[in-house]
Amino acid sequence: MLGRVHVAVSLLTAATVLTGCGSTVENVKITMATGSEDGVYYALGKGLADIWSGRLGITKPQVVATAGSKDNVTRLINDQAQVGFSQADALDGVPGSDKLRALARMHDDYLQVIVRADLPITKISQLSGLRVSIGGRESGVEIIASALLKSAGVTPQAVNLNLNDSTQAMREGRLDAFFWSGGLPTKAITDLTKGLGVRMLDLSDVLAKFRQEKPVYGSATLPASTYNLQSDPVGPVITLVVRNFLLVNEKMPDDVAEALVRQLFEGQPELVKAHSAARTIEQRSAIETSPVPLHNGAMRYYRENKV
């Protein structure tokens, strides 16, 4: 076993006991849990796979489309993935999540509540009784949508559809609204606005109460120019934001974690080409991963770079 270290499902544990086999970094194999194929996680995952394989000389990581944050957390805990994306709120109360570590805080996700422009809906309270997708099961979208609707006392005809199915159902008239939490812009929503009049709900009337209940969320203004919204009037909307983390299991060797973080930042210009959300990733804010501890290898990188 002095040659290669096999890590496809189990998380790199063999690498820590080998001797005389060279760098563990060169021998790693990584499966990366992302999200919907039209979502930002997936685009960034594909970009990171290219960066890590090209710059580190490792086998190109396998990028897996998943249901989203909660699914990714479960895969990491169960050693079905070595790297995964997750919203900060998706780890709350999940057994085994204390074994996870963060490589970096990534971009922030914006909650986007999309409704058909031919419906007189301008507030979340008006969604009661309507056909609304709250995101796929085990997704971060489902977590935030369910919590917000409960806080606002709104009871729609809720269904669990992923992003692709939500946009298709809206095109076909089978859905009145859907929730999405992702980086800006999200391609599937951009594509939807090209053929269908939609508007995005401003959430300012419910944010104060909800953020008091759930301080893990922030608020931000989503510019009108983000999408080609065809509703009138068109303007910026106030919505929720949630931090995104790049996570691994605590068992990942320190040198591997450090190398992955280093190339995340040194390869950032390439990552921006994969998705513009990567522009907002900064070393100073990357260490803000509470309640998830930074991996020791990641911490070593940040200390060496005086972050």
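See the structure above.
Residues numbered from 1 in each chain as written. Predicted model: local features only at pLDDT ≥ 70, side-chain atom pairs only at ≥ 80, totals over all residues. Heavy atoms only, no water.

### Remarks on the layout of surface pockets
Of the pockets and cavities examined, the largest pocket occupies roughly 300 Å³. Residue lining of the largest pocket: 28 residues in total, with Gly 35, Ser 36, Ala 67, Gly 68 and Trp 180 positioned closest to the centre. Counting residues per element, the ones that place at least two in the lining of the largest pocket are helix H1 (40-56), helix H3 (140-152), helix H4 (163-171) and strand S7 (177-182). Considering each element in turn, the lining of the largest pocket owes the most residues, 4 residues, to S7. Per-class residue counts for the lining of the largest pocket are 9 nonpolar, 17 polar and 2 charged. (1 Å grid on protein atoms, 1.4 Å probe; cavity = no way out; pocket = protein on both sides within 12 Å on 5 of 7 lines; lining within 4 Å. Points joined across faces, edges and corners; volume = space filled by probe spheres on them. Helix = DSSP H or I, 4+ residues; strand = E, 2+ residues; numbered from the N terminus. Nonpolar A, V, L, I, M, F, W, Y, C, P; charged D, E, K, R; others polar.)

### Some points on the packing of H1 against helix H7 (residues 254-266)
Where H1 meets H7, the axes come as close as 10 Å, and the angle between the chain directions of the two elements is 110°. Between H1 and H7, the interaxial angle falls into the category roughly perpendicular. Across the interface between the two elements, Leu 48, Ile 51, Trp 52, Arg 55 and Leu 56 of H1 pack against Ala 259, Leu 260, Gln 263, Leu 264 and Glu 266 of H7. Split by residue class, the contact of H1 with H7 holds 7 nonpolar, 1 polar and 2 charged. (Axes fitted to C-alpha atoms, helices over the stretch in contact; angles between N-to-C directions. Parallel < 35°, antiparallel > 145°, perpendicular 65-115°, else oblique. Contact = heavy atoms within 4.5 Å.)

### Quick notes on unusual backbone geometry
Looking along the chain, the bond that leaves Leu 184 and enters Pro 185 is cis, with omega of -15°. The residue Pro 185 is located in the loop between S7 and helix H5 (187-195) in this model. Pro 291 follows Ser 290 through a cis peptide bond whose omega is 15°. Mapped onto the fold, Pro 291 is located in the loop between helix H9 (283-286) and helix H10 (296-304). For Asp 79, which is not glycine, the phi dihedral falls at a positive 60°. Tracing the chain through its elements places Asp 79 in the loop between helix H2 (69-77) and strand S3 (83-87). Positive phi is not limited to glycine here, since Glu 138 has a value of about 70°. In this structure, Glu 138 sits in the loop between strand S5 (131-133) and H3.

### Remarks on the pattern of salt bridges
When their charged atoms lie close together, side chains carrying opposite charge are able to pair. The final tally for this structure, using the stated rule, is 17 salt bridges. Here Asp 50 ties to Lys 60 by a salt bridge, and the two come within 2.7 Å at their closest N and O atoms. Note that Asp 50 is positioned in helix H1 and Lys 60 in the loop between H1 and strand S2 (62-64), a separation of 10 residues in sequence. A residue is classified by how much of its surface remains accessible, and Asp 50, at 40% relative accessible area, is partly exposed. In this structure, Glu 258 engages Arg 300 in a salt bridge whose closest nitrogen and oxygen atoms are separated by 2.7 Å. (Salt bridge = Lys/Arg side-chain N within 4 Å of Asp/Glu carboxyl O. Buried < 20%, exposed > 50% of the residue type's maximum accessible area, 1.4 Å probe, protein only.)

### Here we look at the packing of aromatic side chains
Going through the model one piece at a time under the given rule, you end up with 5 aromatic pairs. Judged by centre distance (5.1 Å) and plane angle (20°), the ring pair of Tyr 41 and Phe 85 falls under stacked. Taken together, the positions of Tyr 41 in helix H1 and Phe 85 in strand S3 put the pair 44 residues apart, joining distant regions of the chain. Neither residue differs from the other here; Tyr 41 and Phe 85 are each classed as buried. (Phe/Tyr/Trp six-rings, centres within 6.5 Å; stacked < 30°, edge-to-face > 60°.)

### Section: the environment of Ile 114
If you trace the backbone, Ile 114 turns up in strand S4 (residues 100-116). Residue Ile 114 is classed as buried on the basis of its relative accessible area of 0%. Sequence-wise, Ile 114 and Val 198 are 84 residues apart; in three dimensions their C-alpha atoms are separated by 6.6 Å. Non-local contacts of Ile 114, meaning those with residues more than four positions away in its chain, are made with Met 170, Asp 176, Ala 177, Phe 178, Ile 189, Leu 192, Val 198, Arg 199 and Met 200.

As far as function goes, none of this settles anything; it's purely spatial.
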